[in-house]
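Here is what each chain is made of, one letter per residue.
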Amino acid sequence: MSAQPDHAPLTPYAPAPGAPAELLAQLRADRRSTQWVPAFERAWAAALEESRRTFSLGGLYAVIQDWQGRLASAPAVDSFVASGYDDSEFIDAAELRERRRHRR
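The notes below deal with the structure included here. Being a predicted model, the structure only gives us computed values, none of them experimental.

### Describing the side chain of R32
- Looking at the secondary structure, you find R32 in the loop between helix 1 (19-29) and helix 2 (33-54).
- Of the residues examined, R32 reaches a relative accessible area of 12% and is grouped as buried.
- Once you skip the residues sitting within four places of it in the chain, R32 turns out to touch A74 and D78.

### As for the environment of E41
- Considering the arrangement of structural elements, one finds E41 in helix 2.
- Sequence separation between E41 and V63 is 22 residues; the distance between their C-alpha atoms is 9.9 Å.

### Here we look at the pattern of salt bridges
- Tallied over the entire structure, the rule returns six salt bridges.
- In this structure, E41 and R28 form a salt bridge, with 3.6 Å as the shortest nitrogen-oxygen distance. Taken together, the residues E41 in helix 2 and R28 in helix 1 connect sequence positions 13 residues apart.
- Residue E41 is classed as partly exposed on the basis of its relative accessible area, which comes to 38%.
- For D78, the salt bridge identified is with R31, shortest N-O distance 2.9 Å. With D78 in helix 3 (residues 58-82) and R31 in the loop between helix 1 and helix 2, this residue pair connects regions lying 47 residues apart in the sequence.
- Exposure remark for R31: the relative accessible area of 64% places this residue in the exposed category.
- Bridged by salt links that share partners, the residues D30, R31, R32 and D78 form one connected network.

### What to know about the packing of helix 1 against helix 2
- In the contact formed by helix 1 and helix 2, the axes pass within 8 Å of each other and the chain directions differ by 155 degrees. With respect to helix 2, the axis of helix 1 lies roughly antiparallel. Across from P20, L23, L24, L27 and R28 in helix 1, the residues of helix 2 making contact are S33, W36, V37, F40, E41 and W44.
- Along the lines of polarity and charge, the residues of the contact of helix 1 with helix 2 split into eight nonpolar, one polar and two charged.

Rules and cut-offs
- Residues numbered from 1 in each chain as written.
- Predicted model: local features only at pLDDT ≥ 70, side-chain atom pairs only at ≥ 80, totals over all residues.
- Heavy atoms only, no water.
- Helix = DSSP H or I, 4+ residues; strand = E, 2+ residues; numbered from the N terminus.
- Buried < 20%, exposed > 50% of the residue type's maximum accessible area, 1.4 Å probe, protein only.
- Contact = heavy atoms within 4.5 Å.
- Salt bridge = Lys/Arg side-chain N within 4 Å of Asp/Glu carboxyl O.
- Axes fitted to C-alpha atoms, helices over the stretch in contact; angles between N-to-C directions.
- Parallel < 35°, antiparallel > 145°, perpendicular 65-115°, else oblique.
- Nonpolar A, V, L, I, M, F, W, Y, C, P; charged D, E, K, R; others polar.

In structure tokens, the structure reads:
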């Protein structure tokens, strides 16, 4: 049996105090920096404003986790794109939902 109530929300891990600055430095060093740095700064500013309103650091933590994930997965995405895999015959998820709705 758990000592924590089952309704307690899970909190994201707390990043190191210097994590945002380190992440921004990594984004600036990436070849996608012209798109990623402004996007990160917008997301960070929005999360910071939310944090000021709500007195919660959760949004800031989420922005850091999201962008750390993007940086970590970038090499795999680059490899996928470079492989020449043809994904032109994909089906849009909205189209699939529409098809299912009409079958009912």
